[in-house]
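Structural characterization, general
This is what each chain is made of:
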Amino acid sequence: MSTPKHRPGEKAPASGQYPLVGPRGGGQGREVTVTKGKPFPPTPQSGMGYGSPDRTKHKK
């Protein structure tokens, strides 16, 4: 996994489940669901961010 692509407070470019990524790029085993255009939530520790999303599929 690479370094975080998205930071807390940044608006999500797409809806999906974003993995929590450590400051050096290691996965944290947790995901956060974020809706397109909404800000990413705060992370547990400074320097953390969010990786590439697993896109959420909506059913009608």
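The paragraphs below set out a description of the structure included in this document. This structure is a prediction, so every number in the text was calculated from the model and none was measured.

Right, let's talk about the side chain of His 6 for a bit. Along the chain, His 6 turns up in the segment before β1 (16-21). When its relative accessible area of 12% is taken as the criterion, His 6 is described as buried. With sequence-adjacent residues up to four places away left out, His 6 is seen in contact with Pro 13, Tyr 18, Phe 40, Gly 49, Tyr 50 and Gly 51.

Scanning the model with the defined rule gives 2 aromatic pairs in all. Between Tyr 18 and Phe 40, the ring centres sit 4.8 Å apart and the planes meet at 90°, which makes this aromatic pair edge-to-face. Taken as a pair, Tyr 18 in strand β1 and Phe 40 in the loop between β2 (27-34) and β3 (49-50) lie far apart in primary sequence, 22 residues in all. For Tyr 18, a relative accessible area of 0% corresponds to the buried category.

What counts, and at which threshold
- Counting from 1, residues in each chain are numbered in the order their sequence is written.
- Local features in a predicted model are, by the rule used here, given only for residues with pLDDT of at least 70; side-chain atom pairs are given and counted only at 80 or more, and totals for whole chains, interfaces and linings are based on all residues.
- Side-chain measures were taken over the full set of non-hydrogen atoms in the model, leaving aside hydrogen atoms and water.
- Strands are runs of DSSP state E lasting at least two residues, helices are runs of H or I lasting at least four, and both sets are numbered from the N terminus onward.
- Relative accessibility thresholds used throughout: buried, under 20% of the residue-type maximum; exposed, over 50%; partly exposed, between the two (1.4 Å probe, protein chains only).
- Here, residues are in contact when the closest pair of their heavy atoms is within 4.5 Å.
- Stacked, tilted and edge-to-face are the three classes assigned to paired rings of Phe, Tyr and Trp, where Trp is represented by its six-membered ring and a pair needs centres within 6.5 Å; plane angles under 30 degrees give stacked, over 60 edge-to-face, the rest tilted.

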